[in-house]
Amino acid sequence: EPEVTQTPSHQVTQMGQEVILRCVPISNHLYFYWYRQILGQKVEFLVSFYNNEISEKSEIFDDQFSVERPDGSNFTLKIRSTKLEDSAMYFCASSEYANQPQHFGDGTRLSIL
Amino acid sequence: AQSVTQLDSQVPVFEEAPVELRCNYSSSVSVYLFWYVQYPNQGLQLLLKYLSGSTLVESINGFEAEFNKSQTSFHLRKPSVHISDTAEYFCAVSVVGGADGLTFGKGTHLIIQP
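Quantities reported herein were computed from a predicted structural model and do not represent experimental measurements.

Vacant regions in the atomic arrangement are exposed by a probe of water-molecule size rolled over the atoms. Here the structure, examined in full by the defined rule, presents one cavity of 30 Å³ or more. By volume, the largest cavity is sized at about 40 Å³. Considered class by class, the residues forming the lining of the largest cavity number three nonpolar, five polar and one charged.

All right, on to the pairing of strand β9 (residues 73-78) of chain B then. All names here are of chain B. Among the six residues that make up β9, five are buried, leaving the element largely enclosed by the rest of the structure. Across three bridges, the pairing between strand β3 (residues 19-21) and β9 is antiparallel. Opposite glutamate 20, over in β9, you have arginine 77 as the bridge partner. The antiparallel hairpin formed by strand β8 (residues 64-68) and β9 contains four residues in its connecting segment, where threonine 72 sits at a positive phi of about 45°.

This paragraph deals with the interface of chain A and chain B. Counting residues at the interface gives 19 residues for chain A and 24 residues for chain B. Summing both partners gives a buried area of about 1600 Å² for chain A against chain B, and 59% of it is carried by carbon and sulfur. Inspection of the region where chain A meets chain B yields zero salt bridges. Our count for the chain A to chain B interface comes out at four residue pairs in polar contact (both at pLDDT 80 or more).

Residue and element names in this part refer to chain B. Per the counting criterion, the structure on display carries six salt bridges over all chains. Of the charged contacts in the structure, one is a salt bridge between arginine 77 and glutamate 64, with a shortest N-O distance of 3.8 Å. Within this pair, whereas arginine 77 is found in strand β9, its partner glutamate 64 is found in strand β8, the two being separated by 13 residues in sequence. Using a relative accessible area of 24% as the deciding quantity, one classes arginine 77 as partly exposed. Ionic contacts of the salt-bridge type, sharing partners, join the residues Glu20, Glu64, Glu66 and Arg77 into one network.

With that out of the way, let us pick up the state of the cysteines. Counted by the stated rule, this structure contains two disulfides over all chains. With a sulfur-sulfur separation of 1.9 Å, cysteine 23 of chain A is cross-linked through a disulfide to cysteine 92 of chain A. Across the disulfide from cysteine 23 of chain A to cysteine 92 of chain A, rotation about the S-S bond amounts to roughly -65°, and the bridge is consequently left-handed. Here cysteine 23 of chain A is found in strand β3 (residues 19-24), whereas its partner cysteine 92 of chain A is found in strand β9 (residues 88-95), with 69 residues between them in sequence. Residue classification places cysteine 23 of chain A among the buried positions, given a relative accessible area of 1%. Note on cysteine connectivity: cysteine 23 of chain B is disulfide-linked to cysteine 91 of chain B, with sulfurs 1.9 Å apart. The sign of the S-S torsion, about -65°, decides the handedness of the disulfide formed by cysteine 23 of chain B and cysteine 91 of chain B: left-handed. Taken together, the residues span a long stretch of sequence, with cysteine 23 of chain B in the loop between β3 and β4 (24-26) and cysteine 91 of chain B in strand β10 (residues 87-95) at a distance of 68 residues.

A few words on the nonpolar core. Residues Trp35, Leu48, Phe74, Leu76 and Tyr89 of chain B are the most contacted members of the largest nonpolar core, which totals 27 residues. Those elements that provide at least two residues to this core are β2 (10-14), β3, β5 (31-38), β6 (44-50), β8, β9, β10 and β12 (108-113) of chain B. One finds Phe65, Ala88, Cys92 and Ile112 of chain A within the second-largest nonpolar core, a separate group that totals 23 residues.

How each quantity is defined
Residues numbered from 1 in each chain as written. Chains lettered and ligands numbered in written order. Predicted model: local features only at pLDDT ≥ 70, side-chain atom pairs only at ≥ 80, totals over all residues. Heavy atoms only, no water. 1 Å grid on protein atoms, 1.4 Å probe; cavity = no way out; pocket = protein on both sides within 12 Å on 5 of 7 lines; lining within 4 Å. Points joined across faces, edges and corners; volume = space filled by probe spheres on them. Nonpolar A, V, L, I, M, F, W, Y, C, P; charged D, E, K, R; others polar. Buried < 20%, exposed > 50% of the residue type's maximum accessible area, 1.4 Å probe, protein only. Helix = DSSP H or I, 4+ residues; strand = E, 2+ residues; numbered from the N terminus. Pairing = 2+ DSSP bridges. Contact = heavy atoms within 4.5 Å. Buried area = accessible area lost by both parts, 1.4 Å probe. Salt bridge = Lys/Arg side-chain N within 4 Å of Asp/Glu carboxyl O. Polar contact = N/O pair within 3.5 Å; in protein donor to acceptor, adjacent residues only side chain to side chain. Disulfide = S-S within 2.5 Å. Core = buried A, V, L, I, M, F, W, Y, C linked by side-chain atoms within 4.5 Å.

Written out as structure tokens, the structure is:
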């Protein structure tokens, strides 16, 4: 069964540095998403992406964050000038159409030191 | 805005006993409902979904959930649990016709005791 893959599984970065989290969505899916889960808290929606542009974004997704689909397969989340509170598990998801079930990757654990 | 409430953060159950994980939601518009399961050190896997039609939906591994619009609930049940069901279970909603993401509950940790 096709799956969403995320790399790396664990990223350690110094505070203030930029980090790029990578995702390969399922190939025939058209909608892509990023979520984060701070330790002990609920999974929170960050952004959705369709047709090479952001569809929706949450209050969390401020100017520090950006997303990109640099080629036909990858979907990236960039976090500029990382802060300690950015430490979390980041999940990528994709769906064939809007409102269809989303398929999640195994996540990238981001640790900011 | 939507919200999802999972009142139980942990539910301990003996193996082969029945279990119900509660989920209530709040929304001013129509929503789709989902249950996701997260096994240790893994991502979220879709367990079952309610999009339309029959209010009782079932998964291939014996779980079922019933959409109750009047009570705004989507409780998850299984008549007999197994050790392998130990995991974190998340209830989630998305807005019908919207392109935004899922709104999740805080999750319920199902602990199966032998």
